[in-house]
Amino acid sequence: MKYTEAKDTVLQELQTVFANVKEEEVLALTAAICEAESVFVVGVGRVLLMLQAFVKRLNHLGIEATYVGAVDEPAITENDLLIVGSGSGESAVPLAIVKIARTHHARIAHIGSNASSSMTPYEDLFIRIPCSTKLNLIQPEEKIKPRQVMSSLFEQSLLLLADMVALLIVDKKQITDLHALWKKHANLE
């Protein structure tokens, strides 16, 4: 495989995914983030890395956010939002965290591929990234049969979706001076 073929494969797969993401689900997530006192995220592996990048961006936008397991993680409350990333909706740790968050009456948004997962009974919002997962759960009507390695398409889509949500937050909060956001960027580098 040559670079051009790899590039075209990745970009075409991403284009197909985002052509099938539902706008109303993304707008509902954006609203929930803006309404929450704090935002928590949970995932495992590369999914967690994508969500940690989103936490950093939310903090740049003036939204208090952290990831589950951070050394300075505060308590979650009924005024907070937990965003769980799990393509299959069956990952053991995120599922356990979702159940705990529900006992504290936090809102729960699940970004995943499987609309009928073990997380479904606990979700307030579901944002579907329509691609196969580690369990290869793909709907028969879907045309996305990724050529990429393992769950790369889901993880890439999650990061890009987070950046799209960041743009929607900028618009919703009417942040006009994007340069001023650099004041919240790390400066001990």
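What you are looking at is a predicted structure, and each value in this text was computed from that prediction instead of being measured.

## Things to note about the nonpolar core
Part 1 of the reasoning: Core analysis: the biggest nonpolar cluster contains 37 residues, and Leu29, Ile33, Val39 and Ile83 have the highest contact counts within it.
Part 2 of the reasoning: If you list the elements that add at least two residues to this core, you get helix H1 (3-19), helix H2 (23-35), strand S1 (39-42), helix H3 (45-60), strand S3 (81-85), strand S4 (107-112), strand S5 (125-128) and helix H5 (152-172).
Part 3 of the reasoning: Residue contributions to this core peak at nine residues, all from H5.
Part 4 of the reasoning: Once residues within four sequence positions are removed from consideration, Leu29 is found in contact with Leu81, Ile83, Ala109, Ile111, Leu125, Ile127 and Val165.
Part 5 of the reasoning: Core analysis: the second largest hydrophobic core is formed by 12 residues, Phe40, Val42, Leu95 and Ala106 among them.

## Considering unusual backbone geometry
Backbone phi values are negative for most residues with the exception of glycine, while trans is the configuration of most peptide bonds.
Part 1 of the reasoning: One non-glycine residue, His105, adopts positive backbone phi at about 65°.
Part 2 of the reasoning: The topology assignment puts His105 in the loop between helix H4 (92-103) and S4.
Part 3 of the reasoning: Its identity as a non-glycine residue notwithstanding, Gln174 has a phi of 55°, on the positive side.
Part 4 of the reasoning: Within the secondary structure layout, Gln174 lies in the segment after H5.
Part 5 of the reasoning: A residue is classified by how much of its surface remains accessible, and Gln174, at 65% relative accessible area, is exposed.

## Some remarks on the environment of Leu14
Part 1 of the reasoning: Tracing the backbone through its elements, the reader meets Leu14 in helix H1.
Part 2 of the reasoning: As for Leu14 and Gln174, which are separated by 160 residues in sequence, their C-alpha atoms are 28 Å apart.
Part 3 of the reasoning: Excluding residues within four positions of it along the chain, Leu14 makes contact with Leu153, Gln156, Ser157 and Leu160.

## Thoughts on the pairing of S1
Part 1 of the reasoning: Here S1 shows two buried faces, one formed by Val39 and Val41 and the other by Phe40 and Val42.
Part 2 of the reasoning: Relative to strand S2 (residues 65-67), S1 runs parallel, the two sharing three bridges. Residue pairing across strands places Phe40 opposite Thr66, the latter belonging to S2.
Part 3 of the reasoning: Taking the sense of rotation as the criterion, the β-α-β connection linking S1, H3 and S2 turns out right-handed.
Part 4 of the reasoning: Of the pairings in the sheet, the one linking S1 to S3 comprises four bridges and is parallel in character. For Val42, the partnering residue across the bridge sits in S3 and is Val84.

## Structural notes on the sheet that holds S4
Part 1 of the reasoning: Here five strands make up an open sheet; going across it, the order is S2-S1-S3-S4-S5 and the pairing parallel. The sheet is open, and its two edges are formed by S2 and S5, each paired on a single side. Going from strand to strand, the sheet's axes swing by 20° on average, the running direction of each strand aside.
Part 2 of the reasoning: Against the sheet, H3 contacts S1, S2 and S3, and its axis sits at roughly 160° relative to S2.

## A few points about the pattern of salt bridges
Part 1 of the reasoning: The final tally for this structure, using the stated rule, is four salt bridges.
Part 2 of the reasoning: Residue Arg102 is joined to Asp124 by a salt bridge in which the shortest nitrogen-to-oxygen separation is 3.0 Å. You can see Arg102 sitting in helix H4 and its partner Asp124 sitting in the loop between S4 and S5, a full 22 residues away along the chain.
Part 3 of the reasoning: The partly exposed category is assigned to Arg102, whose relative accessible area is 26%.

## A few points about H2
Part 1 of the reasoning: A rise of 1.5 Å per residue sets the reference length of H2, with its 13 residues, at 18 Å; its end C-alpha atoms lie 18 Å apart and thus fit the reference within 8%.
Part 2 of the reasoning: Within H2 the residues assigned to the buried category are Glu25, Val26, Leu29, Thr30, Ala31, Ala32 and Ile33.
Part 3 of the reasoning: The inward-facing, buried residues of H2 abut S1, H3, S3, S4, S5 and H5.

So, how was this worked out
- Residues numbered from 1 in each chain as written.
- Predicted model: local features only at pLDDT ≥ 70, side-chain atom pairs only at ≥ 80, totals over all residues.
- Heavy atoms only, no water.
- Core = buried A, V, L, I, M, F, W, Y, C linked by side-chain atoms within 4.5 Å.
- Buried < 20%, exposed > 50% of the residue type's maximum accessible area, 1.4 Å probe, protein only.
- Helix = DSSP H or I, 4+ residues; strand = E, 2+ residues; numbered from the N terminus.
- Contact = heavy atoms within 4.5 Å.
- Pairing = 2+ DSSP bridges.
- Right-handed = clockwise from strand over helix to strand, strands pointing away.
- Axes fitted to C-alpha atoms, helices over the stretch in contact; angles between N-to-C directions.
- Salt bridge = Lys/Arg side-chain N within 4 Å of Asp/Glu carboxyl O.
- Expected span 1.5 Å × (residues − 1).

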